[in-house]
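Analysis of the macromolecular model
Spelled out, the chains give:
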Amino acid sequence: MSMIDLRSDTVTLPTPEMRGAIFQADLGDDVFAEDPTVNRLEAVAANLLGMEAALLVVSGTMGNLTCVLAHCARGEEVILGDRSHIFLNEAGGMSALGGVFPHIIPNQPDGTMRLKEIEAAVRTENIHFPHTRLICLENTHNRCYGAALTAEYTAAVVSTAKKRGISVHLDGSRIFNAAVALGVDVRELARGADSVNICLSKGLAAPVGSVICGSREFIGRARRIRKMLGGGMRQAGIIAAAGIVALEGMVDRLAEDHRNARRLAEGIAGIRGLSTEPDRVCTNILYIDLTDRRFSDEEFLERLEKRGVRVSHTGPSRFRMLTHHGIGVPEIDAAIAALRSVLQE
Ligand SMILES: Cc1ncc(COP(=O)(O)O)c(C=O)c1O
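Below: a short report on this structure. (Residues numbered from 1 in each chain as written. Predicted model: local features only at pLDDT ≥ 70, side-chain atom pairs only at ≥ 80, totals over all residues. Heavy atoms only, no water.)

**Focus on the packing of aromatic side chains**
In this structure the tally under the stated criterion is two aromatic pairs. On the numbers, 5.6 Å between centres and 50° between planes, the contact of Y145 with Y287 is tilted. Remark: Y287 occurs in strand β10 (residues 285-290) and Y145 occurs in the loop between β5 (132-138) and α7 (151-163); sequence separation between them is 142 residues. Comparing Y145 with Y287 shows no difference in burial state: the two are buried. (Phe/Tyr/Trp six-rings, centres within 6.5 Å; stacked < 30°, edge-to-face > 60°. Helix = DSSP H or I, 4+ residues; strand = E, 2+ residues; numbered from the N terminus. Buried < 20%, exposed > 50% of the residue type's maximum accessible area, 1.4 Å probe, protein only.)

Spelled out as structure tokens, the structure:
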């Protein structure tokens, strides 16, 4: 039985075109900035995002950490959402490795943080306070049902930040999902941010890698930090080759993942014992709650897996599903049938 793996869009495998590009890639030593394929990927990414320069990193986590460390010195403060991936799922790297202090404010269900709350969180000059250096946004917002932040919202945060002399970092791991869902150029969503982290290995299906984008000066500093973190890779064109295919050929098809996520949510909404909110699904992420008290969360996962479906457990009675390349309408319908069968047991 082949598994329908809805745990994450990171489980996607490279396409045959990516494998071909990897095989053919021109290579060099990227620590000397001499890998032509990496240089091309970085140019493609910077151009797509409307930024001066870009840098390939190993993962989204390394991309976010590199950016935070390039923006902030020890003891400085970052404002970020209480549901953000950087806060919840990146092992506290900014504090552990950078001595950077997180200042958490609530994420609203649409992935935003209220402007008034951001403004109130910015420290005034006082010897008791750390200096606020950075605001982090996440688009799409993983824990908020894959919500897409609009260009207008990002512009408003950027304007608030600029007034107080603070930088903005955008965790745009799924920013192409946001651009496709909102029907806008990804540049609009990145405009004004001082750094953006985009992932190649999620919905875009490349095997490894993220790219951070920013000004030439910022990327120069980030390059040094990437080296410090052990992220200076040598013939990384092997990775970059698939990344170029991802950026040039895999963005438009994300719309299919979004339609499938909606179909999945609508199918699940009709199953007794489960609840979800189909109207909140605008990209490729949805959450379901197990309301049937007959099963523990572990039993539910086990029974579902026996029927060929994997989802991820994100909290008591709560599970996350992501649609992605390789999951089509037949897999969606089979997953709905498997869920129904578990609940009817
Ligand atoms: C919003 C967001 N940011 C960052 C990351 C980290 O990416 P990686 O797993 O490549 O470190 C993830 C991973 O799923 C994510 O969802």
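Further notes follow.
**Things to note about the pairing of β5**
A regular strand places its side chains so that they alternate between the two faces of the sheet. Extensive coverage of β5 is indicated by the burial of six of its seven residues. Bridging between β5 and strand β6 (residues 167-172) involves five bridges; their strand directions are parallel. Residue pairing in the sheet places L137 in a bridge with L170 of β6. Handedness of the crossover joining β5 and β6 through α7: right-handed. (Pairing = 2+ DSSP bridges. Right-handed = clockwise from strand over helix to strand, strands pointing away.)

**Observations regarding the site of the ligand**
The ligand sits among S59, G60, T61, N64, H85, E90, E138, N142, D171, S173, R174 and K202. In the model, an oxygen atom of the ligand is placed 2.9 Å from a nitrogen or oxygen of the G60 main chain. In this structure, K202 approaches the ligand through a side-chain N or O atom, which is 2.9 Å from an oxygen atom. For the shell around the ligand, the leading source of residues is helix α3 (residues 60-71), giving three residues. A breakdown of the residues in the shell around the ligand according to their chemical character gives no nonpolar, seven polar and five charged. (Near = heavy atom within 4 Å. Polar contact = N/O pair within 3.5 Å; in protein donor to acceptor, adjacent residues only side chain to side chain. Nonpolar A, V, L, I, M, F, W, Y, C, P; charged D, E, K, R; others polar.)

**So, helix α11 (residues 237-249)**
Relative to the 18 Å expected for 13 residues at 1.5 Å per residue, α11 spans 18 Å between its end C-alpha atoms, a close match to the ideal helical length. Counting buried positions along α11 gives ten out of 13 residues, so the element sits mostly inside the fold. Taken together, the buried positions of α11 are G237, I239, A240, A241, A242, G243, I244, V245, A246 and L247. In this fold, the buried residues of α11 make contact with α1 (16-24), α2 (36-49), β2 (53-57), α8 (175-182) and β7 (195-199). (Expected span 1.5 Å × (residues − 1). Contact = heavy atoms within 4.5 Å.)

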